[in-house]
Structure formats: structure tokens, C-alpha cells
Amino acid sequence: MLDYMEASQVAEKTARSAFGKKHVVRVFAEPGTDAEGHDALRITIVLTPDAVENLEGDALLKNLLDLREGLWQQGEERTPIVGYATEEELAQSGDTES
């Protein structure tokens, strides 16, 4: 099982590949729980506002598939639960990285 910093690094690498380096501000992972009550990874990908306006389904799917594969290759079995936000949205929600 990866620690949260390692999981964040894997998630950031896949996000930059899927969305482009200039569109990913940062990525962080936190503890989470899936729908069945099992431990999960809550991953937040912070994007630039222009990236949000131009997100395409193919890039989102590529990111999810590559993220799951990358985590699995590193021995991580927890399910990633991925969310996307801008810095402004995080500030408004009060969740700037727990």
C-alpha cells in the first residue's frame, strides 16, 4: 500500500499525461471510503480554469484508466475516487488539502 504522497505522485503523473502539464496545478491524495465501506484513496486533481473549460471525455477516461493501472503497478489495491477542482473551487469549499 502506498502512502498518500506516493499515491499523489502517481496521480499527478497520470493527470499531466492525460490533461497536459500546463493544466494540472497539483494533485493530492487523502483517506477515503468506497461505497462498500472499504478503504479507498480520495484523489483531488487541481486544474487550471481553462483546463476545466476544455475537458474532454477521452482525456477523463484515459486519466482514470492510467491512474488505476499506475497505482496497481505500485502495489496499491485501494480504489481511487477521483475529484476535479480549481484552486478557487477548493477555497470556496474550504477543502484546500486536509
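Our structure is the block above this text.
Being a predicted model, the structure only gives us computed values, none of them experimental. (Residues numbered from 1 in each chain as written. Predicted model: local features only at pLDDT ≥ 70, side-chain atom pairs only at ≥ 80, totals over all residues. Heavy atoms only, no water.)

1. Quick word on the sheet that holds strand 3 (residues 79–85)
Thought 1: One open sheet holds the 3 strands; their spatial order is 1-2-3, and the pairing between them is mixed. The sheet is open, and its two edges are formed by strand 1 (24–33) and strand 3, each paired on a single side. Adjacent strand axes in the sheet meet at a mean angle of 20 degrees, parallel and antiparallel pairs treated alike.
Thought 2: As judged from the 9 bridges shared by strand 1 and strand 2 (residues 39–47), these two strands associate in the antiparallel manner. Considered in strand 2, the bridge of Gly32 is made with Ala40.
Thought 3: The strands touched by helix 1 (residues 4–19) within the sheet are strand 1, strand 2 and strand 3, with strand 1 carrying the most contacts at an inclination of about 135 degrees.
Thought 4: Lying on the sheet, helix 3 (residues 57–73) is in contact with strand 2 and strand 3; it crosses strand 3 at an angle near 140 degrees. (Pairing = 2+ DSSP bridges. Helix = DSSP H or I, 4+ residues; strand = E, 2+ residues; numbered from the N terminus. Axes fitted to C-alpha atoms, helices over the stretch in contact; angles between N-to-C directions. Contact = heavy atoms within 4.5 Å.)

2. A look at the nonpolar core
In summary, soluble globular proteins display a tendency toward joint burial of nonpolar side chains.
Thought 1: Counting 18 residues, the largest nonpolar core has Phe19, Val24, Val27, Ile43, Ile45 and Leu71 as its most contacted members.
Thought 2: Of all the secondary structure elements, the ones that give two or more residues to this core are helix 1, strand 1, strand 2 and helix 3.
Thought 3: Here this core gets 6 residues from one element, more than from any other, and that element is helix 1.
Thought 4: Residues within four places of Val24 in sequence aside, it is in contact with Ala15, Arg16, Phe19, Ile45, Val46 and Leu47. (Core = buried A, V, L, I, M, F, W, Y, C linked by side-chain atoms within 4.5 Å. Buried < 20%, exposed > 50% of the residue type's maximum accessible area, 1.4 Å probe, protein only.)

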